[in-house]
Amino acid sequence: LRGVPAVGRTLIATPPTWSAKPTSVAYQWQLCTATACAPLEGAIRLTLKLARRASGHTVRIAAIATFDGRTVESFSKRIAIRP
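Residues numbered from 1 in each chain as written. Predicted model: local features only at pLDDT ≥ 70, side-chain atom pairs only at ≥ 80, totals over all residues. Heavy atoms only, no water.

Caption draft 1: Main features of the environment of Thr71. Looking at the secondary structure, you find Thr71 in strand S6 (residues 70–75). In sequence terms Thr71 and Leu40 are 31 residues apart; their C-alpha atoms lie 20 Å from each other. Every residue in contact with Thr71, bar those within four places of it in the chain, is listed here: Ile64, Ala65 and Thr66. (Helix = DSSP H or I, 4+ residues; strand = E, 2+ residues; numbered from the N terminus. Contact = heavy atoms within 4.5 Å.)

Put into structure tokens, the structure is as follows:
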């Protein structure tokens, strides 16, 4: 992930590299606590403008790829968001 991890700033994700070409790929940013991550509604692009609700949490992005009917998920590292 690139960008400044602070409220009001934008993070940019780089798509993962797959060994085979997927038939489709979807992205979903997630807001994480110490124990779980939940999807951020509407956050499905490779960029994310950090809202106040992200302060004090971590975020990550999930890439969900489909290969001939089989789904594979890949997750970025979590990054802590500053106020």
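Caption draft 2: Spatial organisation of the packing of aromatic side chains. Tallied over the full model, the rule gives 1 aromatic pair. Its guanidinium or amino end placed over the ring of Phe75, Arg60 lies 4.0 Å from that ring's centre, counting from NZ or CZ. (Phe/Tyr/Trp six-rings, centres within 6.5 Å; stacked < 30°, edge-to-face > 60°. Lys NZ or Arg CZ within 6 Å of the ring centre and 35° of its normal.)

Caption draft 3: Molecular detail of unusual backbone geometry. Even without a glycine there, the phi angle at Asp68 is positive, about 45°. On the secondary structure map, Asp68 appears in the loop between strand S5 (58–67) and S6. On the basis of relative accessibility, which here comes to 76%, the residue Asp68 falls in the exposed class. (Buried < 20%, exposed > 50% of the residue type's maximum accessible area, 1.4 Å probe, protein only.)

Caption draft 4: The arrangement of the state of the cysteines in detail. Tallied over the full model, the rule gives 1 disulfide. Here Cys32 engages in a disulfide with Cys37; their sulfurs sit 2.0 Å apart. When the S-S torsion is 105°, as for the bridge of Cys32 with Cys37, the disulfide is right-handed. Judged by relative accessible area, which is 1%, Cys32 ranks as buried. For Cys37, a relative accessible area of 23% puts it in the partly exposed group. (Disulfide = S-S within 2.5 Å.)

Caption draft 5: Quick look at the environment of Gly8. Along the polypeptide, Gly8 turns up in the segment before strand S1 (10–12). For the pair Gly8 and Ala51, spaced 43 residues apart in sequence, the C-alpha separation works out to 6.0 Å. Setting aside residues no more than four positions away along its own chain, Gly8 makes contact with Lys49 and Leu50.

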